Amino acid sequence: MIKQKNYLAYLIILLLFSYGVSYGQSATISGVVTSREDQMPLTGVSVLVKGTSIGAVTDFDGKFSLKVEQQKPILIFSYLGFKKLEIVIDNETAINVVMETDTSQLDEVVLIGYGTQKRKDLTGSVSSIKGDELENLPLRSADQALQGRSAGVFTVQSSGAPGAASSIRIRGGNSINGSNEPLFVVDGVPISSGSSSSAASLNPLNTINPTDIASIEILKDASATSIYGSRGGNGVVLITTKRGKSGKGSVSLSLYYGFQKETNRYDLLNAKQYETLANEASLAEGGGVLYDPSLNPVSTDWQEAMLNNIAPVRNFNVSATGGKEGTNYLLSFDYFNQEGIVKSSDIERYSLRSNIDSNINDFIKVGGSLTGSYVEANRVNSGALSSMLTTAPNLPIKQPDGSFTQFNNLGIGFNNPVGLLYEYKNLNKNFRTLGNVYVSAELAKGLTVKTTWGIDASFQKNDTYIPQSLYTGSLVGGDASVYNSMSLTWLNENTINYKVKFHNHSLDALFGFTQQSSRFESTGASATGFLNDVTTTYALGLGNPEAAELPSSASANWTIHSYIGRINYGLNDKYLLTLTTRVDGSSRFGANNRYGFFPSAALAWKAIEEDFVRDLNVFSNLKIRASYGITGNQDGIGNNPSLDLWGGTRYVIGDMIVNGITPTQVPNNDLKWETTDQYDFGLEFGFFDNRLTFLADAYYKITDDLLLNVTIPNTSGFQSGLKNIGSIENKGLEFTVDAAIIDDVFKWDFNFNITFNKNKIINLGGEDEIIPSGSNTILKVDESLGTFYGYVSDGLFQSPEEIIGSAQPTAKPGDVRFVDFDNNGIINEEDQQIIGNAQPEFFGGINNTFSYKGFELSVLFQYVYGNDLYNLNVVTLENLTGLQNQRTTVLDRWTVDNTNTNIPRATTTRPVNRPFDRYVEDGSYLRMKNIQLAYNFPETLVSELGVQNLRIYANAQNFLTITDYSGLDPEVSRYGSDNIRQGFDSGAYPNSKMFSLGLNVTF
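These numbers were taken from a predicted model, which means no experiment stands behind them.

*Asks:* For the overall build of the chain, give the residues involved together with the corresponding values.
*Replies:* When its secondary structure is counted, the chain shows 13 helices and 51 strands. For 1003 residues, the compact-globule estimate of 2.2 N^0.38 gives 30 Å, and the C-alpha radius of gyration of the chain, at 33 Å, lies within 12% of that figure. Each principal axis of the C-alpha distribution contributes one length, and for the chain these read about 140 × 65 × 65 Å. Taking as baseline every contact in the chain between residues at least 6 positions apart, the subset at least 24 positions apart corresponds to 68%. Of the roughly 44,700 Å² that the chain leaves accessible, carbon and sulfur atoms contribute 57%. Averaging the positions of the 77 positive and the 104 negative side-chain charges in the chain gives two centres separated by 8 Å.

Put into structure tokens, the structure is as follows:
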């Protein structure tokens, strides 16, 4: 019996010991956590034993280890951007855990100025575009990613030329003479957006490889942008590149090849139709017959001769990423080549990127980013594009001796448009390096200091040569010019950040000092009178010394010092307050206004956290926010607009020409930046576990102290000067809808955004209106920027009787009849009226993504409604003088037998051209911006191939456009980002459709 009791005791002890081994106090569970997406270890995953405070965090290799105390414990794995995972442990001591990404959680974290924040805690208006939305798109530059994807952002790809810049407006235009382009910040380094008054300007964003982009954040209201102070008035676009991940290294390869074709061509007269028109115009004014009507001349299709039917585009990108022992890295190389749809135009880009982050110890982290790029672009002479349309079709491209035709049938010399393509040289080369290094130290829990140094250096060379084989080149014996420039900008930022939670309060405070300085230098030289065209721009000294022009050089610099501060405060995770301020001191402004103060405040109420809202069982998210702040604008006015500047000139003394200096700018010590006050009110709704979300914003902006060139007394020695005069307002509504309509094996995701913006001039410094010379526009109080100004037509004169007693006594039947608004019997400038406006009533985008198993179809539409375009092409293509080729619309011109038309008669003595409403057209359009069909190979198959993932796709851009506009393309702006001359179309480089096939693979 004693032995039985001992046996029972031994059995109990053995069971207890077994229990202790199997998840008693001494039991240990270990494992590795990896990502299902790329099979890489995840660092920093929280592992918690459910119902206890026992937990651990995975190390740099994704490993964890913890002790458990109960039987069959449940481990909870949580990691930002991944779905939470619960695993029941049953007698295991070692496990491997695979976590899946959670897109909804990824969207919760966004980049803001000098930090990050959970989307649910945002008090400002911020739109996000994630890198995974872009990495499979054949984008040529980062600005293309903004089209149609974010409410409040209006983007115009104003030229189809390879490497051309886009014009971007965030919540409307604020300035008349200053820049309206947003501030771009790449990995913390502010850079120029590349805007210019010329649509053909090259885009500095070309130097950034779109494949490297991890996310794009668009800061829109003052609460979000005031941290950038005097440069935040036009909105801020934050571009963040991809960083390395800890764990096993991987190599990703992506490539695509495609071709482009113009979206449209003009229907032009053939040689016979042209000669008929020329004869009719000559006879109408008493001239003779210019061309024998019995002959059938050979026609030259200049468009066909100059446009590529298939213009190839290709891209190759390879990147390597990984990390070990606290150091993560990403290295990438990209090659991009695009031939233009206009022959002899192209762009070629090589870029290298290196991003490194390293934990020196438990509280010090260092890292850096560095991009080096080389871009080479052959650009088309703008005259070639306009003469492509207007050159007479009865002229041959070349003469029998093989030379380009240089004289028309009237003996007038001209530059042969095909010759301009092949003989004219305009080569732009640009090397750029952009990068930064940082040191971050956690001095105490939640207290972090960070120092960053950044650089943006660009070296550019532009060679232009007009050979003697072209008419203008033959007049001077060849014309060569070389231009070199260097731009060096450095940045230093020093911040201290403190984050703490106590009881029901949370605090995130940021303070810092930043400084940035830039210097620009350029040199230029030119020569004419060469013996031949062999050396082009490479031997300027061989030009005619008697015709030599003096070389030029210039330099400029600017500096800005800033103090920043931001406090994010939360109470009960329901009530949020953000206070932001920035003090900027800029060298660009007058001594009396060198510093500016830019504050903002924002409030948000997360109503979904209230019990009475949750009890409704209607919303999965409900937030109300409001903000007010002041931001500024100092771009687009030069580097020294407040100073008394002098420049070189030449004087005649006796019979000698001597060099001298003269004042070039009137000083203004009171000059300061434009200031924008902005109010924003936002509502966020979520339904059905946020499968359906609505976002609405109402905003009002008023910009005062406009930097405006105004007329000043002649006694000053100048005709105009820059002053802070005038005001402009923008007010609008933004709506965004996101829906996971079907979320099963078959998925359907839907996004819709729409923006209504009303732009209006409030004050012009006491003037009611200003009519810019030669612009066909007007600046008028209570009207918007981009307002067209001209004469109003009232049909055509049909008989001499109609002309008698009219305001146009010298007119003839078939001429345009204009409205004499002041009834003074003459048509003059007083009869001009507002005849259109380039501002759209609304714009936006629609994006649908369908997926089934491995297949994925995405379709993005972009739309613009209510804007007008001033089609300057009609001025030349419907002038009916017989001196230039015309659109086929002139076949319906007025004759005595065809009076029911609005096309005037043919005449060689057309009166001085007047801007009138015939040239203004509706520019609304709906465009299928992008459509892509892709297939992601299943994991079981790709693993057998030895790769992590494999994707192939077919893509089409600008596939379909629905519009009533008669020009080549409604997405056009001849003068680029010019604030006054918006919506003009004149000889623009045509936009194109692009079709491509691509491959993405990760090893």
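We are not done yet, so read on.
*Asks:* Provide a residue-level description of the confidence of the model for the chain, including the pertinent values.
*Replies:* Scored by pLDDT, the chain has a mean of 88; 94% of the residues are at 70 or more. A low-confidence stretch, residues 1-24 stays under pLDDT 50, and its non-local contacts, those more than four residues away or across chains, total 24 contacts. In the predicted structure, residues 194-200 sits below a pLDDT of 50 and forms 26 contacts with residues beyond four places in sequence or in another chain.

*Asks:* Describe the packing of aromatic side chains, and please don't skip the residues or the numbers.
*Replies:* Under the definition given, this model contains 34 aromatic pairs. For the pair F788 and F984, a centre-to-centre distance of 5.3 Å together with 80° between the ring planes defines the contact as edge-to-face. Pair noted here: F788 is in strand 40 (residues 787-790) and F984 is in strand 50 (residues 984-985), with a separation of 196 residues, a long-range link. For F788, a relative accessible area of 0% puts it in the buried group. For F984, a relative accessible area of 1% translates into the label buried. Stacked on the ring of F404, the Lys or Arg K398 has its end atom at 5.0 Å from the ring centre. The ring of Y925 is capped by R927, whose NZ or CZ atom sits 5.5 Å from the centre of that ring.

*Asks:* Any details on the nonpolar core? Residues and values, ideally.
*Replies:* By size, the foremost hydrophobic cluster in this structure holds 38 residues, and its most contacted members are V342, V380 and Y989. Taken together, the elements giving at least two residues each to this core come down to helix 5 (271-284), helix 6 (302-306), helix 7 (382-390) and helix 8 (417-423). With 23 residues, the next largest nonpolar core counts A145, I208, I218 and L434 among its residues.

*Asks:* Describe the pattern of salt bridges, naming the residues involved and giving the relevant values.
*Replies:* Across all of its chains, the model carries 46 salt bridges by this definition. Among the salt bridges present, the one from E217 reaches K130, with a minimum N-O distance of 3.5 Å. Taken as a pair, E217 in strand 15 (residues 213-219) and K130 in strand 10 (residues 126-130) lie far apart in primary sequence, 87 residues in all. Assigned by exposure class, E217 and K130 land together as buried. Salt bridges here are not isolated pairs; linked through shared partners, they connect R171, K220, K623, R625, D680, E684, D697 and E734.

*Asks:* How would you explain unusual backbone geometry if you had to name every residue and give the values?
*Replies:* Although it is not a glycine, E325 sits at a positive phi angle of roughly 55°. Topologically, E325 is positioned in the loop between strand 18 (311-324) and strand 19 (327-339). Given a relative accessible area of 66%, E325 falls into the exposed group. Phi at T536 is positive, roughly 45°, even though this residue is not glycine. By the secondary structure assignment, T536 is in the loop between strand 25 (505-528) and strand 26 (552-571). Given a relative accessible area of 16%, T536 falls into the buried group.

*Asks:* Please give an account of helix 5 that cites residues and values.
*Replies:* Taking 1.5 Å per residue as the helical rise, helix 5 with its 14 residues ought to reach 20 Å, and the 20 Å between its terminal C-alpha atoms agrees with that figure. Within helix 5, burial applies to A271, Y274, E275, L277, A278, N279, A281 and S282. Where helix 5 begins, the capping side chain belongs to N270, and its oxygen is found 3.2 Å from the backbone nitrogen of K272. Positioned one or two residues after helix 5, G286 has a phi angle of 85°, which is positive.

Scoring rules and cut-offs
- Residues numbered from 1 in each chain as written.
- Predicted model: local features only at pLDDT ≥ 70, side-chain atom pairs only at ≥ 80, totals over all residues.
- Heavy atoms only, no water.
- Helix = DSSP H or I, 4+ residues; strand = E, 2+ residues; numbered from the N terminus.
- Rg over C-alpha atoms; globule rule 2.2 N^0.38 Å.
- Contact = heavy atoms within 4.5 Å.
- Areas by Shrake-Rupley, 256 points an atom, 1.4 Å probe, with all protein chains shown as cover.
- Lys, Arg positive; Asp, Glu negative; His and termini not counted.
- Charge placed at Lys NZ, Arg CZ, Asp CG, Glu CD.
- pLDDT = per-residue confidence, 0-100.
- Phe/Tyr/Trp six-rings, centres within 6.5 Å; stacked < 30°, edge-to-face > 60°.
- Buried < 20%, exposed > 50% of the residue type's maximum accessible area, 1.4 Å probe, protein only.
- Lys NZ or Arg CZ within 6 Å of the ring centre and 35° of its normal.
- Core = buried A, V, L, I, M, F, W, Y, C linked by side-chain atoms within 4.5 Å.
- Salt bridge = Lys/Arg side-chain N within 4 Å of Asp/Glu carboxyl O.
- Expected span 1.5 Å × (residues − 1).
- Polar contact = N/O pair within 3.5 Å; in protein donor to acceptor, adjacent residues only side chain to side chain.

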